[in-house]
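Secondary and tertiary structure notes
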Amino acid sequence: MTDVQSEVVTIVGSGPNAPDCAAWDKSRLGRIVAINNAWRVRSDWDDLIFPEDFAPDRMPVSVSPRQRLIEADQFVPAQNAFGGFVFGGATMAFTAAYWALFSLKPRVLAFIGCDMIYAQTGPTHFYGTGTPDPLRADVSLQDLTASAMRLTLLSAQQGCACVNLSNDPSVLCFARGTASALSDTPTPTISASEHIATALDAEAALNYVVPDGRIWEHTDRFDPAKIRGVQQLWRAAYARQYPSKVAAQ
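Residues numbered from 1 in each chain as written. Predicted model: local features only at pLDDT ≥ 70, side-chain atom pairs only at ≥ 80, totals over all residues. Heavy atoms only, no water.

1. Points about the packing of aromatic side chains
Scanning the model with the defined rule gives six aromatic pairs in all. When the ring of Phe111 is compared with that of Phe174, the centres are 4.9 Å apart and the planes differ by 35°; the resulting orientation is tilted. In this pair, Phe111 is assigned in strand β5 (residues 108–112) and Phe174 in the loop between β6 (161–164) and β7 (175–176), connecting sequence segments 63 residues apart. With 5.0 Å between their ring centres and 50° between their planes, Tyr238 and Tyr242 make a pair best called tilted. Here Tyr238 and Tyr242 have matching classes, each one buried. Through a chain of ring-to-ring contacts, three or more aromatic side chains come together here, namely Phe87, Tyr208 and Phe222. The ring of Tyr127 is capped by Arg58, whose NZ or CZ atom sits 5.4 Å from the centre of that ring. A cation over a ring is seen here: Lys105 above Phe102, with NZ or CZ 5.7 Å from the ring centre. (Phe/Tyr/Trp six-rings, centres within 6.5 Å; stacked < 30°, edge-to-face > 60°. Helix = DSSP H or I, 4+ residues; strand = E, 2+ residues; numbered from the N terminus. Buried < 20%, exposed > 50% of the residue type's maximum accessible area, 1.4 Å probe, protein only. Lys NZ or Arg CZ within 6 Å of the ring centre and 35° of its normal.)

2. Observations regarding unusual backbone geometry
At Asn36, a position not held by glycine, the phi torsion is positive, near 50°. Here Asn36 lies in the loop between β2 (31–35) and β3 (47–49). The exposure class of Asn36 is buried, given its relative accessible area of 17%.

3. A closer look at the pairing of β5
Two faces make up the sheet, and in a regular strand the side chains alternate between them. Most of β5 is tucked away: five of the five residues are buried. The alternating pattern of β5 places Val108, Ala110 and Ile112 and Leu109 and Phe111 on opposite faces, both of which are buried. Relative to β5, strand β1 (residues 8–12) runs parallel, the two sharing five bridges. Across the sheet, the residue bridging to Val12 is Ile112, located in β5. Taken together, the four bridges between β5 and β6 define a ladder with parallel strand orientation. (Pairing = 2+ DSSP bridges.)

4. Describing the pattern of salt bridges
If you walk through the whole model with that rule in mind, you get ten salt bridges. Taken together, the shared-partner salt bridges in this structure form one network comprising Lys26, Asp46 and Arg66. (Salt bridge = Lys/Arg side-chain N within 4 Å of Asp/Glu carboxyl O.)

5. Let's talk about helix α5 (residues 144–157)
Between its first and last C-alpha, α5 extends 20 Å over 14 residues, near the 20 Å set by a 1.5 Å rise per residue. Here α5 lies mainly inside the structure; twelve of its 14 residues are buried. Turning to α5, its buried residues number three or more, namely Leu144, Ala146, Ser147, Ala148, Met149, Arg150, Leu151, Thr152, Leu153, Leu154, Ser155 and Ala156. At its buried positions, α5 is contacted by α3 (85–88), α4 (92–103), β5, β6, α6 (193–206) and α7 (224–241). Among the residues trailing α5, Gly159 stands out with phi positive, at a value near 80°. (Expected span 1.5 Å × (residues − 1). Contact = heavy atoms within 4.5 Å.)

Structure (structure tokens):
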């Protein structure tokens with residue numbers, strides 16, 4: 001399947017605010033990548049990305065010729081190209097982002113329904129109450145914000161800005177934005193190259209990449225403390241790149 005390139009890519013997750021984008025102008029959102037059940041939010045999605053254990057009865061009944069289904073054989077190599085699942089974060093919001101960076105090469109990567117903060121009572125997802133995948137016990141999900149910082153920096157190195165279209169509390173550290181202004185988002189410049197290289201070197205030294213992406217089958221290989229140490233390096237790199245954002249937090 002031939003990949004395409006899009007100036008703007010919008011990733012739609014299953015958070016409670018995902019329906020906020022239902023009426024937004026598609027021309028502003030660029031290419032829409034829906035995660036799991038998020039294809040239900042709007043019918044004009046372009047790519048639907050889902051893991052191997054996504055229930056068949058939750059799939060769309062029909063898929064148009066212009067729409068694509070993105071499965072593990074496509075997203076695993078993409079995330080591995082950016083250092084794998086242990087350091088990238090083994091939850092579909094980050095996986096969809098790395099797949100988009102790899103395959104679509106956008107200049108702007110926008111997110112809605114991906115805040116990964118869940119209500120203690122009431123609906124956790126736009127379709128009701130679900131299982132918060134990012135909160136499961138997994139060595140790759142110890143620090144979701146550090147994982148988002150890593151994504152921000154690796155995206156910036158590729159000339160891509162990450163934008164959160166949500167107005168709600170979020171683990172994502174991305175700049176907040178609106179759909180109408182996405183095309184005006186400045187292309188990021190890099191001022192933390194050495195810090196990014198330090199974090200990447202630390203990842204490479206641990207050699208935690210699993211070619212088939214099934215990291216849960218290799219947990220005995222991974223030291224949670226060492227992973228937290230690498231995540232602190234990403235936090236340091238982010239602070240170097242965006243000192244004003246860190247100071248405001």
